[in-house]
Amino acid sequence: MAKQAPSDHAKDTALSHEDSHPIYLQVCARFKTAIAEGRLAPGDRMPSVRALASELGLSRGTINLAYQILAEEGYVVFRGAAGTFVDMRLPTPYAGAPQPSATKNILIEQSSNVRPFQLGLPALDAFPRKTWNRLVSHRSRQLGAAQLGYPEPAGLMALRERIAAYLAFSRGIACRPEQVFVTAGHRASLELIMRALYRPDDCMWFEDPGYPIARDFLRSMRARLHPVPVDRDGLVVEEGRRLAPDARFAIVTPANQSPLGVMMPMERRAELLKWAETNQRWIIEDDYDSEYRYNRRPPLSLKAMDRGERVLFTGSFSKVLYPALRLAYLVVPSSEIATFEGACRVASVGCPEFHQAVIADFMEQGYFIRHLKKMRALYAERRQFLVDAMRDVFGDRVTTNSPAAGLHLVMQFQGHHPPPSRIAALAQAEGFGLQPLSLWHTGPQSIDGLLLGFTNLESRQIARSLAARLNDICIVADREA
């Protein structure tokens, strides 16, 4: 039986209307302190809203709001009539684990929890679960012997057809379904490319800063990566030629550079394509967050501009639907279909076809486009929540690099400040999911700051509350410096 959390934790210090923080945030802070100090343990039952409001002389709405914020930040969970409980999944730092060192940061991009400012997660609260469940149920009822065998290594043809049709009007890519290969995530797409085309001692240009999970995976595959700097127009092709003139591959995120958010202009794209056509080089185009632009249509893809068949186009369903699907896709030139089919037969047993069929239904019946349209509007609003919160709390001490695209912001500090890596380490110890930009650099670091996701900020109040907590962490880091 769960232990009842005493309401004394909400009044360890007096609540004050003179405090600069609203009462509901003061209530949140007292429970967070009790959890951090171990006086409230994972699984403890919280006081009921009615009981706590009566004891503190506050309205139920105030307590409800405090509990809602605690739930959104991952401290508590609601279990209907059973009550509200301290989340059993809280990471050990909440229970008083040692503070991290000044340099230890981890890439929190694959957590089962939604952490404040976490990168790499779509708005899970806004996913159309009822529609999805109905399609899943429909497919389950149709399950027959034909669906119980081994899956097609290259992917379910119905899904490949829907992907090809979607890319034609959304990204300007004219491709046949046979050119589309369904994979078990972005890393699986990279692995397929490596098995099909990579030769020992081939060099690869890699954006700096660039996606660290892809970087580390390619290194594990013994790829020779050469970091190439990124400027306001994306990867600097001329620097790539100078630093690694013999490179045979370039991995780029031209639509929305990961993580800086800049878009590669047409002149730079033409320069990169010309480089690839010379000596038969390859461009791996990671279509990172291209669906999410808030002031214009997604830009034309490199693949759509490719006349020499030198671009390999990769996309994923992780952020447009949900990460647990573990499904992505790769579009290859017509001339390389047989090569990639051979690599699939050797290295891949295929992806489970059930969810491929559900996604195909989701796309064919128009739900996919509808969902993207809804999410663009939602993310534009939540992005503004974060921009406003940073301005209100930090003022001119920070700037937020906030292009009208993508799912995160780059926060940079002005003047004297603690190292962002230290701030990130302290914030991660308190359960935040933000990242230091230093983790995304391979070569000498030219820009520093923090990366903050905004997809799961459900209200302006939550965004401001989290910004205030982050400000407190920055003050602690500054005192330590």
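Numbering of residues begins from 1 in every chain and follows the order in which that chain's sequence is written. Side-chain atom pairs in this predicted model are given and counted only at pLDDT of 80 or more, local residue features only at pLDDT of at least 70, and totals for whole chains, interfaces and linings cover all residues. Neither water nor hydrogens contribute to the side-chain values; these are computed over all heavy atoms in the structure.

Taking an unreviewed UniProt entry as the reference, the protein is identified by name as PLP-dependent aminotransferase family protein belonging to Rhizobium calliandrae. UniProt positions are given in the numbering used here, feature names are shortened, and annotations may be inferred rather than shown by experiment. Taken from UniProt, the Sequence similarities (unreviewed entry) comment for the protein reads in full: "In the C-terminal section; belongs to the class-I pyridoxal-phosphate-dependent aminotransferase family."

Caption draft 1: Spotlight on the sheet that holds strand 13 (residues 435-436). The strand order 11-12-14-13 describes an open sheet built from four strands, whose pairing is antiparallel. Of all the strands in the sheet, just strand 11 (398-401) and strand 13 have a single pairing partner and so form its edges. For two strands to count as paired, DSSP must find a minimum of two bridges between them. Only runs of H or I of at least four residues qualify as helices and only runs of E of at least two qualify as strands under DSSP, and these elements are numbered from the N terminus. Alignment of strand 12 (residues 408-413) against strand 14 (residues 450-453), held across four bridges, turns out to be antiparallel. Pairing of L409 across the sheet is with L452, part of strand 14.

Caption draft 2: Inspection of the pairing of strand 9 (residues 311-316) at higher detail. Any residue under 20% of the maximum accessible area for its type is buried, any over 50% is exposed, and the rest in between are partly exposed; the area is computed with a 1.4 Å probe on protein chains only. Counting buried positions along strand 9 yields five of six residues, so the element is predominantly enclosed. Direction of pairing for strand 8 (residues 282-286) relative to strand 9: parallel, over a ladder of four bridges. Counterpart to E285 in the pairing with strand 9 is F313.

Caption draft 3: Quick peek at the pattern of salt bridges. By convention in these notes, a salt bridge is any Lys or Arg side-chain nitrogen within 4 Å of a carboxyl oxygen on Asp or Glu. Per the stated rule, a full pass over the model turns up 19 salt bridges. Residues R139 and D361 are paired through a salt bridge, measuring 2.7 Å at the closest nitrogen-oxygen approach. Here R139, found in helix 4 (residues 129-141), pairs with D361, found in helix 12 (residues 353-364); they are 222 residues apart in sequence, far enough to count as distant. Here D287 and R171 are joined by a salt bridge, their closest N and O atoms 2.6 Å apart. Of this pair, D287 sits in the loop between strand 8 and helix 10 (302-305) while R171 sits in the loop between helix 5 (157-170) and strand 3 (180-183), and the two are 116 residues apart along the sequence. Accessibility classification places D287 together with R171 in one group, the buried group.

Caption draft 4: Spotlight on the environment of G234. With respect to the element layout, G234 can be found in strand 6 (residues 234-235). In what follows, residue pairs with any heavy atoms lying within 4.5 Å of each other are defined as contacts. Excluding its chain neighbours within four sequence positions, the residues that come into contact with G234 are P229, V262 and R268.

Caption draft 5: Highlighting the sheet that holds strand 6. In spatial order, the strands read 3-10-9-8-7-4-5-6; together these eight strands make up an open sheet with mixed pairing. The sheet terminates laterally at strand 3 and strand 6, the two strands that pair on one side only. Sheet topology places strand 7 (residues 249-252) next to strand 8; four bridges connect them, and they run parallel. In the strand pairing of strand 8, F249 is matched with W282. Where helix 5 meets the sheet, its contacts fall on strand 3, strand 9 and strand 10 (328-331), and the angle it forms with strand 3 comes to roughly 115 degrees. Structural elements are reduced to axes, namely lines fitted to C-alpha atoms, with helices fitted over the stretch in contact, and the angle between N-to-C directions of any two is expressed from 0 to 180 degrees. Against the sheet, helix 11 (residues 337-347) engages strand 3, strand 9 and strand 10, with an angle of about 20 degrees to strand 3.

Caption draft 6: The state of the cysteines, seen in detail. For this text, the term disulfide refers to a pair of cysteine sulfurs within 2.5 Å. For the structure shown, the criterion picks out zero disulfides. C344 takes part in no disulfide bond, and the closest cysteine sulfur, belonging to C351, lies 9.0 Å away.

Caption draft 7: Representation of the packing of helix 1 (residues 23-36) against helix 3 (residues 60-72) in the model. Contact geometry of helix 1 with helix 3 gives a least axis separation of 8 Å together with a crossing angle of 50 degrees. Here helix 3 runs oblique to helix 1, going by the angle between their axes. Helix-helix and strand crossings are classified by hand; for helix 1 and helix 3 the assignment is right-handed. Contacts from I23, Y24, L25, V27, C28, F31 and K32 of helix 1 reach helix 3 at T62, I63, L65, A66, Y67, I69 and L70. When its residues are assigned to classes, the contact of helix 1 with helix 3 shows twelve nonpolar, one polar and one charged. Working definition: roughly parallel below 35 degrees, roughly antiparallel above 145 degrees, roughly perpendicular at 65 to 115 degrees, and oblique for all remaining angles. For any pair of crossing helices, the crossing counts as left-handed if the nearer helix is rotated counterclockwise from the farther one by less than a right angle, and right-handed if it is rotated clockwise. Three classes are used, and their members are as follows: Ala, Val, Leu, Ile, Met, Phe, Trp, Tyr, Cys and Pro are nonpolar, Asp, Glu, Lys and Arg are charged, and the others, Gly among them, are polar.

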